[in-house]
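Secondary and tertiary structure notes
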Amino acid sequence: MAIKSSKNEDKIERVIATWEKIEDTQNEVKLRPKLIEEYVWQEAIKSHLSIAIKSAQIRKEPLEHVLLYWPPGLGKTTLSLIIAHEMNVNLKHTSGPAIEKQADIVSILTSIQEWDILFIDEIHRLKPQIEEILYWAMEDFSIDIMIGTGTGATSIKMDIPKFTLVWATTKLSMLSSPLRDRFGNIMKLDFYNDAELAIIVKRSFGILNCTISNWDIYDIVAKKSRWTPRIANRFVKIVRDYVTVGSDIESRLWIDNIFVSLWVDDRWLDILDRKILGSLADNFWGRPVWLNTLASMVWEEEDTIEDVIEPYLLKIWFIERTARGRQITEAGKSHLDKSRKL
Ligand code: ADP
């Protein structure tokens, strides 16, 4: 039984974004793939999802809950949209930090419709008492609601529509194993390779109606995008701007100069990456340091360092995680020295 009241709806408006609102705020309406065949690469995940979706449709049941984990910008939100499209149901989108109180999650769960997809991003930042409500909602599609206060308070069990929860996290290790066990589909993506990213880059230029005659540009933009589609699309839009207003376009020097003006170096590090490396090398003399100390030294959020900056630096072995914290590697130091001499 789905309950709706105008008070509930106001609340949901703040906590939840419908798909159209996600598109509006991110200005990504055109670039984000909406069909499974438009989603580049990740063949194993796509084929697994296609089968799971077809099976759910034949069984006339919602898709089993989905847990997506990988670093930001690699396509979690996009995949949740695709699932909703393929299942032909609504998608509701919210995030762990946006759900502050039990009443928030109750409002959301009582407003969804049968088979809807509820996408919750940054699930590792959800409060434990809210996680507990979701346990039951996921397992037997019911929630307990407290009526009244103090000694007169009673709890009423209420059925909610059968739905699919899509949870996204960059930190699988922070989810308890009973919680993980409740997901029928657990999927991990890794960074894309240059060839796959070049396909995304070419597709995005095409969608933006930006004609590129020198096909090397696709590969160069892909290479600079550190294996991440979101970064690739950001660069595509910047290069599109240069193409729109520029002269002497599409030479190697032209594209290199664009990236120099963006402060992206030859290992595709930007200012923020170099700031972290610089701090590890200078402030801590190459010794290991805890995340909170590093964050306060460079004036960045711990989450930004851990979720956005670190994965790439770890992947290219410029920093390492030790039992005593983060540490710059020899390769990281020599890159930093080289870029400081330029
Ligand atoms: P996340 O939710 O993991 O942070 P998003 O789903 O928002 O990442 O993806 C970031 C951008 O990258 C989106 O604009 C989307 O268009 C693009 N993108 C991600 N994965 C793919 C893919 N496999 N094929 C094409 N574009 C993609």
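Residues numbered from 1 in each chain as written. Predicted model: local features only at pLDDT ≥ 70, side-chain atom pairs only at ≥ 80, totals over all residues. Heavy atoms only, no water.

To continue, consider the overall build of the protein. Within the protein, the regular secondary structure consists of 15 helices and 10 strands. Its C-alpha atoms give the protein principal-axis dimensions of about 70 × 50 × 35 Å. When each of the 342 residues of the protein is scored for burial, the buried share is 51%. For the protein, contacts bridging at least 24 residues in sequence account for 72% of all contacts bridging at least 6. Carbon and sulfur atoms provide 54% of the accessible area of the protein, an area that totals close to 17300 Å². Considering the protein, the positive charge centre built from 45 side chains and the negative charge centre built from 50 side chains are found 2 Å apart. (Helix = DSSP H or I, 4+ residues; strand = E, 2+ residues; numbered from the N terminus. Buried < 20%, exposed > 50% of the residue type's maximum accessible area, 1.4 Å probe, protein only. Contact = heavy atoms within 4.5 Å. Areas by Shrake-Rupley, 256 points an atom, 1.4 Å probe, with all protein chains shown as cover. Lys, Arg positive; Asp, Glu negative; His and termini not counted. Charge placed at Lys NZ, Arg CZ, Asp CG, Glu CD.)

Over the atoms a probe the size of a water molecule is rolled, and this reveals where empty space is left. Counted as a void, the largest pocket has a volume near 640 Å³. The wall of the largest pocket is formed by 33 residues, among which P72, G73, L74, T77 and R230 lie closest to the centre. Per-element accounting of the lining of the largest pocket gives the leading share, 4 residues, to helix 14 (residues 302-315). Class assignment for the residues of the lining of the largest pocket results in 12 nonpolar, 10 polar and 11 charged. (1 Å grid on protein atoms, 1.4 Å probe; cavity = no way out; pocket = protein on both sides within 12 Å on 5 of 7 lines; lining within 4 Å. Points joined across faces, edges and corners; volume = space filled by probe spheres on them. Nonpolar A, V, L, I, M, F, W, Y, C, P; charged D, E, K, R; others polar.)

Let us look at the nonpolar core. Of all hydrophobic cores here, the largest spans 75 residues; its most connected members are V221 and I255. Sorting elements by how many residues they give to this core places helix 10 (residues 229-245) first, with 6 residues. Among the nonpolar cores identified, the runner-up in size contains 30 residues, and L109, I130, F141 and L172 belong to it. (Core = buried A, V, L, I, M, F, W, Y, C linked by side-chain atoms within 4.5 Å.)

Let's shift gears to the pairing of strand 6 (residues 154-159). Regular strands place side chains that alternate from one sheet face to the opposite one. Direction of pairing for strand 5 (residues 142-147) relative to strand 6: antiparallel, over a ladder of 6 bridges. Residue S142 lies in a different strand from strand 6, and its bridge partner there is D159. Connecting the antiparallel pair strand 5 and strand 6 is a turn made up of 6 residues, with G148 showing a positive phi of about 85°. (Pairing = 2+ DSSP bridges.)

What follows deals with the domain arrangement of the protein. Note: interface size is frequently given as the accessible area lost on complex formation between the parts. The domain architecture assigned to the protein consists of domain 1 (42-188), domain 2 (194-261) and domain 3 (268-341). Relative to domain 3, the C-alpha centre of domain 1 lies at a distance of 34 Å. With 6 residues of domain 1 at the interface, the matching set in domain 3 holds 5 residues. Roughly 380 Å² is buried in total at the junction of domain 1 and domain 3, and carbon and sulfur atoms are behind 49% of that figure. It is P72, R125 and K171 in domain 1 that bury the most area against domain 3; as a group they hold 71% of the surface buried on that side. Applying the counting criterion to the domain 1 and domain 3 interface returns 1 salt bridge. Among the salt bridges present, the one from D303 reaches R125, with a minimum N-O distance of 3.5 Å. (Domains from an automatic or database assignment. Buried area = accessible area lost by both parts, 1.4 Å probe. Salt bridge = Lys/Arg side-chain N within 4 Å of Asp/Glu carboxyl O.)

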